[in-house]
Amino acid sequence: MLEGLVRQDEEARDAAIAPIWPHLQAMIRHGLETFSLEVLFPWNQLIEAAVCRTYSDLDESARDHLVFLDQHADFLERHLEPLFHRFEGLFTCADKTRWVMQQYAAQCVTGAHPPWPTAVRRYWHPKTQSLSFWFAVCGHIKQLYGGNPDPFLGNLQVLAQ
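Notes on the structure in this doc start here. (Residues numbered from 1 in each chain as written. Predicted model: local features only at pLDDT ≥ 70, side-chain atom pairs only at ≥ 80, totals over all residues. Heavy atoms only, no water.)

Our next topic: the pattern of salt bridges. Summed over the entire model, instances satisfying the criterion amount to four salt bridges. Residue Asp64 pairs with Lys142 through a salt bridge whose shortest N-O separation is 2.8 Å. Highlighted residues: Asp64 in helix 4 (residues 60-88) and Lys142 in helix 6 (residues 131-145), separated in sequence by 78 residues. Given the relative accessible area of 39%, Asp64 is considered partly exposed. Of the charged contacts, one joins Arg78 and Asp74 as a salt bridge, the two residues approaching to 3.3 Å between their closest N and O atoms. Within this pair, Arg78 and its partner Asp74 are both found in helix 4, separated by four residues, close to a single helical turn. (Salt bridge = Lys/Arg side-chain N within 4 Å of Asp/Glu carboxyl O. Helix = DSSP H or I, 4+ residues; strand = E, 2+ residues; numbered from the N terminus. Buried < 20%, exposed > 50% of the residue type's maximum accessible area, 1.4 Å probe, protein only.)

If you want it as structure tokens, here you go:
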């Protein structure tokens, strides 16, 4: 159904999608607040419920970090990748970003911190700082999203030195 809405072709206007399309357009016309409350908020609630159900045995803090990752992976990626690009070079900055995010998610789930430095260094492993540093950056980006830039700014100062 979502693919049909995105494509905006004849297939998107079939009987299954037709009732939703005018409602979605009306929410968009009413502005950002309505769209956020009617579409994005329920979507984020769905993601949160799915994460909580999938990882019901995790403590609340770990689940909270996983919820943020699943809801805002693009936000995290848009902050990590430029850091790798600037401080480690363009080569493999996207790979490093994905790897750090995957390791951060795994650490939230298992509670175990992978050994660092790894026995075998790969091109997708960060060079500038420890894995603990990059995990802290992930948590600080979460705080940045919530309106507290100070911890993230502290990470930038460390990287700039």
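Before going further, it helps to spend a moment on the nonpolar core. In terms of nonpolar packing, the biggest core is built from 28 residues, with Leu76, Leu80, Val100, Trp134, Val137 and Ile141 touching the most fellow members. Among the elements that line this core, the one with the most residues is helix 4, at ten residues. (Core = buried A, V, L, I, M, F, W, Y, C linked by side-chain atoms within 4.5 Å.)

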